[in-house]
Amino acid sequence: MHQLAARLRRLPPSCGPVRLVGVDGHAGSGKSTFAARLAEALGGAPVLHLDDIASHDELFAWTPRLMAEVIEPLGRGETAHYSPYDWRARRFAPPRPLPPAPVVLMEGVGAGRRALRPYLARLLWMEMPAEEAWARGRARDGEEQREFWDGWVRAELRHVAEDPSRPHADALVRQLGEGYEVLPGPAARSGQDRDVTHREDPRSMW
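Numbering of residues starts from 1 in every chain and runs along the sequence as written. This being a predicted model, a pLDDT of at least 70 is required before a residue's local features are given, and a value of 80 or more before pairs of side-chain atoms are given or counted; all residues contribute to the totals for chains, interfaces and linings. Excluding hydrogens and water, the side-chain figures rest on all heavy atoms present in the structure.

Trainee: Could you give an account of helix α2 (residues 31-41), naming the residues involved and the relevant values?
Mentor: Lys-31, Phe-34, Ala-35, Leu-38, Ala-39 and Ala-41 are the residues of α2 that are buried. Across the axial projection of α2, the buried residues extend over an arc of 155 degrees, all falling on one side. The numbering of helices and of strands both runs from the N terminus, where a helix is a DSSP run of H or I of at least 4 residues and a strand a run of E of at least 2. Immediately beyond the C-terminal end of α2, within one or two residues, lies Gly-43, with a positive phi of roughly 80 degrees. Accessible area is worked out with a 1.4 Å probe on protein chains only. A residue is then buried under 20% of its type maximum, exposed over 50%, and partly exposed in between. The arc refers to the directions leading from the helix axis to the C-beta atoms.

Shown next as structure tokens:
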């Protein structure tokens, strides 16, 4: 993990002074846990959870709000302020600051969507089959969230069909028994990437 963190620190800024790194994948694939560990390896990098941006009314239609509250301020080198959504109370909480740190992680389904890719220094995809990830998510959230998950799966399928992230991922992250394996993503293999971080050791394990 520390090797990956070092590589991310060496990247050129992508959103003002910030190296914005997207961590995408299916719901339940382990994005939050991986982002937390990567943030720790980065010395406490800020993490933006897209679950805080989305809402019941806007599961995926949150791009304009994210751009206005987060991307544009960071692009100017300013501290962003966004209002995290409370999924139980069904309302937005008071604004929370997000500083323009050298590396900022943005994790959640849709982190690599078309509108955000121009602002990303790297896009990482959690490599786990959708059905397996959703089963993990359902088990985590329990029976009380069954109806929500049914609606979420339909919405995620539409999103992935209309605006897929995986084909543009610079790296694929696989969770192992202990740690993670980071492999070149489709963008790196197709030559889309500007400076592939994982070419030196394509089967590096952190």
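Following the structure, the description resumes.
Trainee: Can you tell me about the pairing of strand β1 (residues 19-24), naming the residues and giving the values?
Mentor: Each regular strand displays side chains that alternate between the two surfaces of the sheet. Of all 6 residues that make up β1, 6 are buried, and the element is covered over most of its length. Where burial is concerned, the two faces of β1 agree: the one with Arg-19, Val-21 and Val-23 and the one with Leu-20, Gly-22 and Asp-24 are both buried. What makes two strands pair is DSSP finding at least two bridges between them. Bridge analysis of β1 against strand β7 (residues 103-107) gives 5 bridges, and the strand direction is parallel. Its bridge partner being in β7, Val-23 is matched across the sheet by Glu-107. As judged from the 4 bridges shared by β1 and strand β8 (residues 122-126), these two strands associate in the parallel manner.

Trainee: So what's going on with the pattern of salt bridges? Which residues, and what values?
Mentor: The rule for a salt bridge is simple: a side-chain nitrogen of Lys or Arg has to be within 4 Å of a carboxyl oxygen of Asp or Glu. A full pass over the atoms with the stated rule returns 9 salt bridges. The residue Arg-166 makes a salt bridge to Glu-127 at a minimum N-O spacing of 2.7 Å. Remark: Glu-127 occurs in the loop between β8 and α4 (130-141) and Arg-166 occurs in the loop between α5 (146-162) and β9 (171-175); sequence separation between them is 39 residues. Of the charged contacts, one joins Asp-150 and Arg-138 as a salt bridge, the two residues approaching to 3.1 Å between their closest N and O atoms. Of the two residues, Asp-150 is situated in helix α5 and Arg-138 in helix α4; the sequence distance between them amounts to 12 residues. Here the residues in one salt-bridge network are Arg-114, Arg-117 and Asp-163, joined through shared partners.

Trainee: Describe the environment of Leu-157, with residues and values.
Mentor: Summarising the element assignment, Leu-157 is placed in helix α5. Between the alpha carbons of Leu-157 and Gln-3 there is a distance of 34 Å; along the sequence they are 154 residues apart.

Trainee: Quick rundown of the packing of helix α1 (residues 2-9) against α2? Include the residues and the values.
Mentor: For the pair α1 and α2, interaxial distance at closest approach is 9 Å and the crossing angle is 70 degrees. By the angle between their directions, the pair α1 and α2 is classed as roughly perpendicular. Listed contacts from α2 to His-2, Leu-4, Ala-5, Leu-8 and Arg-9 of α1 are Phe-34, Leu-38 and Ala-41. Here the contact of α1 with α2 is built from residues that sort into 6 nonpolar, 1 polar and 1 charged. In this analysis an axis means a line fitted to C-alpha atoms, helices contributing only their contacting stretch, and an angle means the value between N-to-C directions, from 0 to 180 degrees. For classification purposes, angles smaller than 35 degrees are called roughly parallel, those larger than 145 roughly antiparallel, those between 65 and 115 roughly perpendicular, and all remaining angles oblique. Contact definition: two residues touch when any of their heavy atoms are within 4.5 Å. Side-chain classes follow a simple rule in which Ala, Val, Leu, Ile, Met, Phe, Trp, Tyr, Cys and Pro form the nonpolar group, Asp, Glu, Lys and Arg form the charged group, and the remainder, Gly included, forms the polar group.

Trainee: An account of the packing of aromatic side chains is needed here, citing residue identities and associated values.
Mentor: Aromatic rings in a pair are described by how distant their centres are and how their planes are angled relative to each other. Here a pair means two rings of Phe, Tyr or Trp (six-membered ring of Trp) with centres within 6.5 Å. Their orientation is stacked below 30 degrees between planes, edge-to-face above 60, and tilted elsewhere. Using the criterion set out here, one finds 6 aromatic pairs in the structure. When the ring of Phe-60 is compared with that of Trp-152, the centres are 5.0 Å apart and the planes differ by 35 degrees; the resulting orientation is tilted. Of this pair, Phe-60 sits in the loop between β2 (47-49) and α3 (63-75) while Trp-152 is found in helix α5, placing the two residues 92 residues apart along the sequence. When its relative accessible area of 13% is taken as the criterion, Phe-60 is described as buried. A relative accessible area of 8% means that Trp-152 is categorised as buried. When the centroid spacing of 5.6 Å and the interplanar angle of 70 degrees are considered together, the rings of Trp-87 and Phe-148 count as edge-to-face. You can see Trp-87 sitting in the loop between β4 (85-86) and β5 (91-92) and its partner Phe-148 sitting in helix α5, a full 61 residues away along the chain. Each residue in the set Phe-60, Tyr-85, Trp-87, Phe-92, Phe-148 and Trp-152 is aromatic and connected to the rest through ring pairs, giving one cluster. Note that Arg-113 overlies the ring of Trp-62, its terminal NZ or CZ placed 3.8 Å from the centroid. Criterion for a charge above a ring: Arg CZ or Lys NZ at most 6 Å from the ring centre, at most 35 degrees from the ring normal.

Trainee: Give a detailed account of the nonpolar core, specifying residues and quantitative values.
Mentor: To form a nonpolar core, buried Ala, Val, Leu, Ile, Met, Phe, Trp, Tyr and Cys residues must be joined to one another through side-chain atoms within 4.5 Å. Formed by 26 residues in total, the largest nonpolar core has its most connected members in Leu-48, Leu-66, Val-70 and Met-106. Among the elements of the structure, α3, β3 (80-82), β7 and β8 are those that each provide at least two residues to this core. Here this core takes 5 residues from α3, the largest share from any one element. Not counting residues within four places of it along the chain, the set of residues in contact with Leu-48 comprises Ile-53, Leu-66, Val-70, Tyr-82, Leu-98, Leu-105, Met-106 and Glu-107. Among the nonpolar cores identified, the runner-up in size contains 23 residues, and Leu-11, Val-21, Val-23 and Ala-41 belong to it.

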